[in-house]
Amino acid sequence: MAASPLDELIPELTNLGLDTSRREACYGTLARILGNIRDDPTEPKYHTIKKSAKVLQNSLCDPHTGQLYSPVRGILREAGFKETVDAYVWDSPTDQQHETLIDAAERIEDLRDALAAAVNTGPSATGSGTFGRRSTTGQSRQFTPRTDVEKKRLDHEKQMRQVKEASRDKFYGSASVLPSGQSAEARSTTSSESPELTDGCLRPTSSGKTRRSAFDFESRQARVDREQRAQDQLTKLREEQRRRYQEATADPEAFNTSAYRKPPSIAPGGREEGSSWTSWLP
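The sections below set out a description of the structure shown in this document. Note that the coordinates shown come from a computational prediction; the quantities given were computed from them, not determined experimentally.

**With respect to the overall build of the protein chain**
Argument step 1. The number of helices and strands found in the protein chain is 10 helices and five strands.
Argument step 2. The 282 residues of the protein chain split such that 21% are buried.
Argument step 3. Taking contacts inside the protein chain between residues at least 6 apart in sequence as the whole, the part at least 24 apart equals 48%.
Argument step 4. Entry remark: accessible area of the protein chain is about 21,600 Å², with carbon and sulfur atoms responsible for 52%.

**Some words on the environment of Ile33**
Argument step 1. Within the secondary structure layout, Ile33 lies in helix H2 (residues 20-39).
Argument step 2. Separated by 43 residues in the primary sequence, Ile33 and Leu76 place their C-alpha atoms 9.5 Å from one another.
Argument step 3. With sequence-adjacent residues up to four places away left out, Ile33 is seen in contact with Ile49, Leu60 and Phe81.

**Observations regarding the environment of Ala53**
Argument step 1. Inspection of the secondary structure assignment puts Ala53 in the loop between strand S1 (48-50) and helix H3 (54-59).
Argument step 2. Ala53 sits 34 residues away from Ala87 along the chain, and the two C-alpha atoms are 9.3 Å apart.

**A closer look at the nonpolar core**
Argument step 1. Membership of the largest hydrophobic core comes to 30 residues, with the highest contact counts inside it found for Leu30, Leu34, Val72, Ile75 and Phe81.
Argument step 2. Elements with a minimum of two residues in this core: helix H1 (6-14), H2, helix H4 (70-78), strand S3 (87-90) and helix H5 (95-121).
Argument step 3. If one sorts the elements of this core by residue count, H2 sits on top with seven residues.
Argument step 4. Apart from the residues within four sequence positions on either side, Phe81 is in contact with Ile33, Leu34, Ile37, His47, Ile49, Leu76, Tyr88, Val89, Trp90 and Leu101.

**So, the pairing of S3**
Argument step 1. Here S1 runs beside S3; their pairing, made up of three bridges, is antiparallel. Bridge pairing in S3 places Lys50 opposite Ala87.
Argument step 2. Bridge analysis of strand S2 (residues 81-83) against S3 gives three bridges, and the strand direction is antiparallel. Bridging from a neighbouring strand, Glu83 pairs with Tyr88 of S3.

**A closer look at unusual backbone geometry**
Argument step 1. Within the chain, Ser92 stands out as a residue other than glycine whose phi angle is a positive 50°.
Argument step 2. By the element assignment, Ser92 lies in the loop between S3 and H5.

**Digging into a nonpolar patch on the surface**
Argument step 1. Side chains of Tyr245, Phe255 and Tyr260 sit close together on the surface and give an oily, nonpolar patch of about 370 Å² of accessible area.
Argument step 2. Checked against the element boundaries, Phe255 lands in the loop between helix H9 (220-250) and helix H10 (258-261).

**Some points on the environment of Thr14**
Argument step 1. With respect to the helices and strands, the residue Thr14 is situated in helix H1.
Argument step 2. Thr14 sits in the partly exposed class, given a relative accessible area of 26%.
Argument step 3. Distance in space between the C-alpha atoms of Thr14 and Leu111 is 8.5 Å, their sequence separation being 97 residues.
Argument step 4. Discounting chain neighbours no more than four positions away, the residues touching Thr14 are Arg23, Tyr27 and Leu111.

Thresholds applied
Residues numbered from 1 in each chain as written. Predicted model: local features only at pLDDT ≥ 70, side-chain atom pairs only at ≥ 80, totals over all residues. Heavy atoms only, no water. Helix = DSSP H or I, 4+ residues; strand = E, 2+ residues; numbered from the N terminus. Buried < 20%, exposed > 50% of the residue type's maximum accessible area, 1.4 Å probe, protein only. Contact = heavy atoms within 4.5 Å. Areas by Shrake-Rupley, 256 points an atom, 1.4 Å probe, with all protein chains shown as cover. Core = buried A, V, L, I, M, F, W, Y, C linked by side-chain atoms within 4.5 Å. Pairing = 2+ DSSP bridges. Patch = residues over 30% accessible without salt bridge, like charges linked within 9 Å, V, L, I, M, F, W, Y side chains within 5 Å. Salt bridge = Lys/Arg side-chain N within 4 Å of Asp/Glu carboxyl O.

Laid out in structure tokens, this is it:
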């Protein structure tokens, strides 16, 4: 099998002495040019590469002379490109040139991928491999130590506790009745005494006074409505009793029924009372 011209051109390309960034740009651009034609050889826009294109000047040309690198020029020529005044054109290539283009595209892609893998896994200042690489763009995130967060939370709780104690002292008026030398803790303990609520009723505190707090508030209208409902129920009950009594008095036989003629009932163990007022004595 005859040797391919790429066997000499590819090593020359890798030995150009380019730095990593220019090497990445060179391999990437050349792989894209050849790969586009390999994947879609009938697309006309892939057949012409203008010499004035910035991507061509920045990646495939010598920055000092402005001309294509010699290995790049040879690869394009062997792949079927023809040089014109202002462009490189892939026009009427032979079967051999088409096969060379496909082979070159695969080899350049292998070089590109190998270089990318070497860059990503290369040693860094913090160690080796991708786990040792640190982003140099933007600002690093700043984390607040947990101890500082806990301290702020405790300070906030302390402030809230002091505010509640001051509000409670103001409500109960303990600041005006306690001695001036008494501590705030003692004031808060005394002022926190409140009536115990048992079965819905307020119970006196240890001092014997029943004090209502803001939580025992009841609107005046609610109390009036409750009293009015109780009065209405009592009135209805009295009216019902009066109606039944009037019906009984209107009927002459109402009090002559057997229920009224029976003697009073006596509970077990009891005894019947006599007619004398002393009959209840033992």
